[in-house]
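# Fold and geometry: a report
Okay, here's what each chain looks like letter by letter:
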Amino acid sequence: MKDNHKKQSIIIQSPARINIIGEHTDYNDGFVLPAAIDKNMVIRLKRNETPHIAKVTATNLNESFTFDLKSFSRINAGWQNYIMGVVHELQKLGGKMSGFDAEFEGNIPIGGGMSSSAALECSLAYSLNVLFELGFNKAQLIKASQLAEHNFVGIKCGIMDQFASMMGKKDRVMLLDCRSLAYSYYPLELGDYQLLLLNSNVSHTLASSEYNTRRAECEEGVGFLKKVFPEMTNLRDVSPEQLVSLKEKMPEQIFRRCRHVVSENQRVLAATKALSEGKLDILGQLIYQSHFSLQTDYEVSCPELDYLVQQTQDKDYILGSRMMGGGFGGCTINIIKKSRTKEFVAKISEAYQQQFGIDLTPYNISIEDGTGEIFSTNKN
Ligand code: GLA
């Protein structure tokens, strides 16, 4: 007998994210300035007749898999790990669920640096929470989604992507303190300018291994710093002066990694100030500085992204441009005069094709609300 008081099915939407500035700062307890956008993962989740069998379909990939909620483990690689990872983390928190069928579908480019993975995790965590009345709050769902990636996917990501996907607000960017998780929203008022994403359509395989390496390098840097400043726990706590004072005490490469993080945190705060004061030219300069720091100090860019940024530098109608997300491919984010976007996209697409033999994909994006319910019913 079906219990008519219980929700039977639900449709949830979770967005992709952009990040205005603040790259590779989140796992260093630093600051980020992301927003949710109008690209989404949509999940249709319903109870099935089984006590503990889950059937999950990735519609875009035309792939399905089934697993037992009482006994499952990570596989070598694949999207299935995101799913099982989220279920595992919710179960660890005490979440009890029975069998379900889930279908995913979305328009977030994979490898585009817009975090399709966080959207996938958040949509599942949120929908399971609603359907099975697990009673978790958003902070718990965000954390569970992040840990799914650590423990099942194997990437020690920070919290920015899941936070932005879950907590985004229409027409607002959010300044997030990744240590306290305190956040505040700021209107993104760009006047005659707009955001433009340019997808390089490359996704170098280094991305996941190098990501974890960078994280480890930052921890190594903290180790050196702690010897002199024992009170500090993270790169967030270091001032540029303190860091420079220890330059000779650590390997040059570790110093550069730390310098990126320390300077990027300052840029996020400066950029937020510039944005709220309407000083878009300053915001643009900080965005360029972020790119060059990611390129030379943190070394997570690639020739395609560097080329796209470089092509903007002599254009007075572009205020700022940089790689966005983890790096090694994906998108650049640009602040460009609205009236010049069409002409610029045509020009740069042709130049990029000539240089690399790859098509560029431009996205005019809008900033939207975070994860939320589209539909639910108590009927089957
Ligand atoms: C990926 C990670 C985030 C963040 C960015 C870089 O998107 O998932 O946590 O570290 O890279 O800023």
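Figured I'd write up the structure that's included with this text. Predicted, not measured: the structure shown is a model, and the values here were computed from it.

### Considering unusual backbone geometry
Positioned with a positive phi, N201 is a non-glycine residue whose angle comes to about 55°. With respect to the helices, strands and loops of the structure, N201 is situated in strand β9 (residues 193-203). Taking the relative accessible area as the measure of exposure, N201 reaches 38% and is therefore partly exposed. Unusually for a residue other than glycine, E299 sits at a positive phi of about 55°. Among the structural elements, E299 can be located in the loop between α8 (280-297) and α9 (303-310). Among the residues examined, E299 registers a relative accessible area of 33% and is labelled partly exposed.

### What about the site of the ligand?
Around the ligand, the neighbouring residues are R17, E23, H24, D26, Y27, C157, G158, M160, D161, Y211, G325 and G326. Interatomic distance of 3.1 Å between a side-chain N/O atom of R17 and an oxygen atom of the ligand. H24 places a polar main-chain atom, nitrogen or oxygen, 2.7 Å from an oxygen atom of the ligand. Protein chains bury 92% of the 310 Å² of accessible surface belonging to the ligand in isolation.

### Focus on the side chain of S293
Locating S293 in the fold gives a position in helix α8. Separated by 3.2 Å, the side chains of S293 and R267 make a polar contact. Once residues lying within four places of it in the same chain are set aside, the contact partners of S293 are H260, S263, R267 and Y298.

### Here's the deal with the pattern of salt bridges
Summed over all chains, the structure comprises 22 salt bridges. With a shortest N-O distance of 2.8 Å, D297 and R259 are connected by a salt bridge. Separated by 38 residues along the polypeptide, D297 in helix α8 and R259 in helix α7 (residues 252-276) bring together distant segments of the chain. Among the residues examined, R259 registers a relative accessible area of 35% and is labelled partly exposed. Between E343 and K347 there is a salt bridge, with its nearest N and O atoms 3.5 Å apart. Pair noted here: E343 and K347 are both in helix α10 (residues 341-356), with a separation of 4 residues, about one helical turn. You can call E343 partly exposed: its relative accessible area is 35%.

### Considering α7
Counted at 1.5 Å a residue, the expected span for α7 with its 25 residues is 36 Å, and the 36 Å between its end C-alpha atoms agrees. One or two residues past the end of α7 sits G278, with phi positive at roughly 70°.

### Focus: helix α3 (residues 138-153)
In this model α3 runs 21 Å from its N-terminal to its C-terminal C-alpha over 16 residues, within 8% of the 22 Å that 1.5 Å per residue would give. Of all the positions in α3, only L141, I142, A144, S145, Q146, A148, E149, H150, F152 and V153 are classed as buried. Its side-chain oxygen at 3.2 Å from the backbone nitrogen of A139, N137 defines the N-terminal cap of α3. Taken from the residues just after α3, G154 is the one with a positive phi, measuring 95°.

### Let's talk about the sheet that holds strand β7 (residues 172-177)
Pairing is antiparallel across the open sheet formed by 3 strands, whose spatial order is β2-β7-β8. Of all strands in the sheet, those with a lone pairing partner are β2 (31-32) and β8 (183-187), marking the two edges. Here 2 bridges tie β2 to β7, and the two strands are oriented antiparallel to one another. Counterpart to F31 in the pairing with β7 is D177.

### Digging into the packing of helix α2 (residues 116-131) against helix α4 (residues 160-167)
Between α2 and α4, the least distance of the axes is 9 Å, while the angle of their chain directions is 55°. The angle between α2 and α4 falls in the class oblique. With respect to the hand of their crossing, α2 and α4 are arranged in right-handed fashion. Taken together, the residues of α4 that come into contact with α2 (itself represented by A118, A119, E121, C122 and Y126) are D161, Q162, S165 and M166. Tallied by class, residues from the contact of α2 with α4 come to 5 nonpolar, 2 polar and 2 charged.

Rules used in this analysis
Residues numbered from 1 in each chain as written. Predicted model: local features only at pLDDT ≥ 70, side-chain atom pairs only at ≥ 80, totals over all residues. Heavy atoms only, no water. Helix = DSSP H or I, 4+ residues; strand = E, 2+ residues; numbered from the N terminus. Buried < 20%, exposed > 50% of the residue type's maximum accessible area, 1.4 Å probe, protein only. Near = heavy atom within 4 Å. Polar contact = N/O pair within 3.5 Å; in protein donor to acceptor, adjacent residues only side chain to side chain. Areas by Shrake-Rupley, 256 points an atom, 1.4 Å probe, with all protein chains shown as cover. Contact = heavy atoms within 4.5 Å. Salt bridge = Lys/Arg side-chain N within 4 Å of Asp/Glu carboxyl O. Expected span 1.5 Å × (residues − 1). Pairing = 2+ DSSP bridges. Axes fitted to C-alpha atoms, helices over the stretch in contact; angles between N-to-C directions. Parallel < 35°, antiparallel > 145°, perpendicular 65-115°, else oblique. Left-handed = near helix turned anticlockwise from the far one by under 90°. Nonpolar A, V, L, I, M, F, W, Y, C, P; charged D, E, K, R; others polar.

Functional significance is not addressed by these values, which are geometric in nature.
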